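Spelled out, the chains give:
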Amino acid sequence: MLDDVDLLVCGAGPVGCVVAERAASVLGWKVLVIDRRPHIAGNCHDSPATNGVLVHNYGPHYFRTDDENLLRYLSRFAEFAPAKYEVRSLVRDQLYPFPINLGTLEQFFGRKLDADSAEQLLAERRVPIADPTNSEEYVLSRVGRELYEAFYLNYTRKQWGVHPRDLDPQVCGRVPVRLNRDGRYVGHKFQVMPAGGFTKLFARMLKHSKIRTLLNCDFSEVRHLIHPRRATVYCGPVDAYFDNRLGKLPYRSLKFEFVPHAVAWRQPCVQINYPNDFTYTRSVEIKHVTGQRHAETVVSYETPCAEGEPFYPVPQRASAELYARYRALAEAETAHNRVYFCGRLAQYRYFNTDEVIQEALACFQTIRRSAGAPASLSPAA
């Protein structure tokens, strides 16, 4: 089993499953997928809770994209249903729409607004910072101090364990501010969820005669035992691949508590943020977007922490500089040993679900070209 391998894929998350499926289906390669966990789908893994309600085991994964070709590719392995991604933030004992929109501003400032008057209100409160160098400056320059302290400051502190002024601007820059009444969490064209869940979707990807999957298998245990004929795709932490020789890259982790409730619904929306109360940052009732019909429900609570499963690369200058050194090692490893580094841990970058699948498709095309096979104009072809 360990000898007859064209492509070794280290990680059975979205990247590993997509690259394995493409290599087997398009190139006819024999693929071995390994993962140190006892399940596939990586952090997208979902499973039934004790009361039978499907939950996202590692936090919510909201699938959204503007790429119709990407959705068409994934639809080979699952049907998709529309999902209503709406988030509220608990501030001053009230639930506000979040990201900030006209409704948020009206409720917070207690006045009726339209787009023009809302823009004038924000203009009066913004701190004039022409070129923000950190997340605090970025938010202050967009919405002013009152909204910053109410919605961003303490949430960011809890999430990252540091003050927003010590984080890169894009951390808070990912969250829009809308001068309309769009209550959606994101504005993408396609906002959907795979019927049956993500795990079933990725299981169908791996259900191929040329793909074998080995779980509870750490890459470090087999890296010198398996010698793939074509290439290796590595999805684990890039610093761990190189035995942390340059130092460990910092991550933030999460602790989850899943609380069942003997009612059909517990929250008014899928996610509630807690910027100023409690130790946890958000509660999620994923049933709002999975399309399940069940007499009971489950709410998960997320508490950020410094130690544990790596979830979020820390967006600071020092970590970016350290990763740049590891990236140089990774590029050399690709050139000399055909090891391709792809995914959130391997590229030390936070990806949304659609983005990481696009990265996987691009990685496959690179491998395909390196193997002498012409790349397709459509990454999923």
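All of these numbers come straight from a predicted model, not from anything done at the bench.

K.L.:
Account for the nonpolar core, naming residues and giving values.
P.N.:
Within soluble globular proteins, side chains that are nonpolar generally end up buried alongside one another. Leu7, Val31, Phe63, Phe202, Met205 and Ile357 are the most contacted members of the largest nonpolar core, which totals 53 residues. Only strand S1 (7-10), helix H1 (14-27), strand S2 (31-34), helix H2 (68-74), strand S9 (190-194), helix H7 (198-206), strand S11 (231-234) and helix H12 (353-370) provide two or more residues apiece to this core. Dropping the residues within four chain positions of it, Val31 is found in contact with Leu7, Val9, Ala20, Ala23, Ala24, Lys210, Ile211 and Arg212. Formed by 25 residues, the second largest nonpolar core is a distinct cluster that contains Tyr241, Leu249, Tyr251 and Val339.

K.L.:
So what's going on with the pairing of S1? Which residues, and what values?
P.N.:
Here S1 shows a buried face lined by Leu7 and Val9 and a second buried face lined by Leu8 and Cys10. Relative to S2, S1 runs parallel, the two sharing four bridges. Of the residues in S2, the one forming a bridge with Leu7 is Val31. Note that the unit made of S1, H1 and S2 has a crossover that is right-handed. Pairing of S1 with S11, which is carried by four bridges, proceeds in the parallel orientation. Of the residues in S11, the one forming a bridge with Val9 is Val233.

K.L.:
Hey, could you go over the packing of H1 against H12 for me, with residue numbers and the actual values?
P.N.:
Axis separation between H1 and H12 bottoms out at 9 Å; the angle between their running directions is 40°. When the axis of H1 is compared with that of H12, the two are oblique. Crossing of H1 against H12: the hand is right-handed. The residues of H12 that touch H1, namely those facing Pro14, Val15, Val18, Val19, Arg22, Ala23, Val26 and Leu27, are Val356, Ile357, Ala360, Leu361, Phe364, Ile367 and Arg368. Split into classes, the residues belonging to the contact of H1 with H12 amount to 13 nonpolar, no polar and two charged.

K.L.:
Help me get a handle on the pattern of salt bridges, residues and values and all.
P.N.:
Inspection of every chain in the model, using the stated rule, returns 18 salt bridges. Between Glu86 and Lys84 there is a salt bridge whose closest N-O contact spans 3.6 Å. A salt bridge links Glu106 to Arg181, with the nearest nitrogen and oxygen atoms 2.9 Å apart. Here Glu106, found in helix H3 (residues 102-109), pairs with Arg181, found in the loop between helix H6 (170-173) and S9; they are 75 residues apart in sequence, far enough to count as distant. What makes Glu106 buried here is its relative accessible area of 14%. Here Arg181 falls in the partly exposed class, since its relative accessible area comes to 46%.

K.L.:
Kindly report on the packing of aromatic side chains, identifying the contributing residues and their values.
P.N.:
The description of an aromatic ring pair uses the distance of the two centres, along with the angle that the planes make with each other. Taken as a whole and assessed by the stated rule, the structure comprises 31 aromatic pairs. Taken together, the aromatic side chains of Tyr58, Trp160, Phe256, Phe258, Phe311, Tyr312 and Tyr350 make up a single cluster linked through ring pairs. Looking at Arg37, its charged tip hangs above the ring of Tyr58, at a distance of 4.2 Å from the centre. One residue, Lys287, lies across the ring of Trp265, its end atom 4.6 Å from the ring centre.

K.L.:
Go over H12, please, and point to the residues and values.
P.N.:
Between the first and last C-alpha of H12 there are 26 Å, a value that for 18 residues agrees with the 26 Å anticipated at 1.5 Å per step. For H12, the complete set of buried residues consists of Thr353, Asp354, Val356, Ile357, Ala360, Leu361, Cys363, Phe364, Gln365, Ile367 and Arg368. Structurally, H12 contributes buried residues whose contacts are with H1, strand S5 (63-65), H2, H7, S11 and strand S17 (339-341). Residue Gly372 follows H12 closely and has a positive phi angle near 95°.

The rules behind the values
Residues numbered from 1 in each chain as written. Predicted model: local features only at pLDDT ≥ 70, side-chain atom pairs only at ≥ 80, totals over all residues. Heavy atoms only, no water. Core = buried A, V, L, I, M, F, W, Y, C linked by side-chain atoms within 4.5 Å. Buried < 20%, exposed > 50% of the residue type's maximum accessible area, 1.4 Å probe, protein only. Helix = DSSP H or I, 4+ residues; strand = E, 2+ residues; numbered from the N terminus. Contact = heavy atoms within 4.5 Å. Pairing = 2+ DSSP bridges. Right-handed = clockwise from strand over helix to strand, strands pointing away. Axes fitted to C-alpha atoms, helices over the stretch in contact; angles between N-to-C directions. Parallel < 35°, antiparallel > 145°, perpendicular 65-115°, else oblique. Left-handed = near helix turned anticlockwise from the far one by under 90°. Nonpolar A, V, L, I, M, F, W, Y, C, P; charged D, E, K, R; others polar. Salt bridge = Lys/Arg side-chain N within 4 Å of Asp/Glu carboxyl O. Phe/Tyr/Trp six-rings, centres within 6.5 Å; stacked < 30°, edge-to-face > 60°. Lys NZ or Arg CZ within 6 Å of the ring centre and 35° of its normal. Expected span 1.5 Å × (residues − 1).

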